[in-house]
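If you want the building blocks of each chain, they are given just below.
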Amino acid sequence: MQLTREDLVVGVTIPGFFVLSTASMIACGHAFPAMHVWRSGATAEAILGTAIMAVFIPAFVAGRFSFGYLVSFALLSAVFGFVWLSFFSAFDYPHAIARWAMIAALAAAMIPLMFQNMPVWRPGLSETAIKRIALLLLASSLAVLIADISYGANLGNPYGEARNAVTRPALLNYLTGIMVGAVLPYLFAHFASRRQWVQAVCVLLFALCFYPVVNNKTVLLLPIWLPFLFWLFGRFTPRLATVLAFLIPMIIGLTAFAVLGADRDYIVFSAINLRFLAIPSLALDQYADFFAHRDLTRFCQISIVRQVTTCPYGELGPALGTIYRDGNFNASFLATEGIASVGLALTPVSALVCGLILSVGSMVSRHLSPRFIAVSSGIAVQAIMNVPLTTSLMSNGIALLFLLWWLTPEWRAEASRHQQQSPRPIDVVGVAA
């Protein structure tokens, strides 16, 4: 059996990520006590209980990079945080059953996400054709922004109610989400991978113009997050860069917590460690409690299903927000298509289906460079972790992103650069092969 140096580094870095994730969750509990009710005296039990998550490390060491690899590691982060959190949760649901259900759901989703990568037929578009598509996407983004502004704009606080101050047609809201979630990240990846820096910077500045429309933190972070991913996946090998994309921000947040904690100023820590990393885990905790005592949705949160069946709830995020008073907790498919729709026992089955759907992204992007995939899906992966799958596919543009990947021809400069960075194999004792 041969391993590469990257295999060994990834295999060591993921346990380090687990340790820092634990520290981050503990810090969140101290910094934001109102976010959760903590039960004391379970630390030793929690350490032993979360150690089971190490069984997933070999899959990330053996697996090849793909879009599914990115999504799988994001899911690993969320489930690890939930498993740790469940040992301290004071909510009234079967904690042990929920832990094993989420671990099984993670495994079920990872199977197609990481190991289903069938080749698909692709149209042989020329570079000229894809440039024309990029221009069309730019024009469409501009048209959507103009339409949005025609209904009004609001430079409000992203943590307040400003995002609801202006009412727009539902179709326009969908189009806006698609532009921010898929089109603009794709355009940045398109221009940056071709070293067209002026156009790439203009896309980032243009993305900021959507802030007065949507008033959310994603738009503010997009011009930072996408260049960070572009640098990271150009500097490190793809699988290591995937881990570092979570680990480096976490370290920055923990450092800010340690340095600024005395002043109770948690802006950086809140944006990274709470919103980016902890919220997907906290959402699983709340959904497990909420639906342990209430009727399941049976997928009625999906608009099409709602039209043909009765539904006891409106939008799930606000519904949970009124109970737990922690804000609008939308959540990943593990919580919505899983816990909320079919219950804990069947969540692994739902996760398998969702993993199969998302594995389409791996199939249609297998010809693209890892950096292009990671950058263009930089917002999409975050959407997958924070909204239902049906919402992320349509309202956040992931289905369109899959189509764009399918149409995009391989960019030769990126492909050859990736081949030059491929790690040399070594044997298991670390001697160069």
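Right, let's walk through the structure included here. All of these numbers come straight from a predicted model, not from anything done at the bench. (Residues numbered from 1 in each chain as written. Predicted model: local features only at pLDDT ≥ 70, side-chain atom pairs only at ≥ 80, totals over all residues. Heavy atoms only, no water.)

### Observations concerning empty space enclosed by the protein
- Throughout the structure, instances matching the rule amount to seven cavities of 30 Å³ or more.
- The space that makes up the largest cavity amounts to roughly 110 Å³.
- Together, Leu70, Trp225, Leu229, Phe233, Thr242, Ala245, Phe246, Ala374, Ser377, Gly378, Val381 and Gln382 line the largest cavity.
- Of all elements in the fold, only helix H10 (217–235), helix H11 (238–260) and helix H18 (378–386) reach the threshold of two or more residues within the lining of the largest cavity. (1 Å grid on protein atoms, 1.4 Å probe; cavity = no way out; pocket = protein on both sides within 12 Å on 5 of 7 lines; lining within 4 Å. Points joined across faces, edges and corners; volume = space filled by probe spheres on them. Helix = DSSP H or I, 4+ residues; strand = E, 2+ residues; numbered from the N terminus.)

### A few points about the pattern of salt bridges
- On inspection of all chains with the given rule, the structure shows four salt bridges.
- Its salt-bridge partner being Glu6, residue Arg239 comes within 3.1 Å of it at the nearest N-O pair. Within this pair, whereas Arg239 is found in helix H11, its partner Glu6 is found in helix H1 (residues 5–31), the two being separated by 233 residues in sequence.
- For Asp7, the salt bridge is made with Arg239, and the minimal N-O distance between the two is 2.4 Å. Taken together, the residues Asp7 in helix H1 and Arg239 in helix H11 connect sequence positions 232 residues apart.
- Residue class for Asp7 comes out buried when judged on its relative accessible area of 10%.
- Its relative accessible area of 7% is what places Arg239 among the buried residues. (Salt bridge = Lys/Arg side-chain N within 4 Å of Asp/Glu carboxyl O. Buried < 20%, exposed > 50% of the residue type's maximum accessible area, 1.4 Å probe, protein only.)

### Here we look at the environment of Ala258
- In this fold, Ala258 is placed in helix H11.
- Linking Ala258 and Phe269, residues eleven residues apart in sequence, is a C-alpha distance of 9.5 Å.

### Brief notes about helix H15 (residues 334–342)
- A large share of H15 lies buried, amounting to nine of its nine residues.
- Where H15 is buried, its residues meet helix H4 (67–86), helix H5 (95–115), helix H12 (267–290), helix H14 (316–324), helix H16 (347–364) and helix H19 (389–394).
- After H15 finishes, the residue Gly343 shows a positive phi value of roughly 90°. (Contact = heavy atoms within 4.5 Å.)

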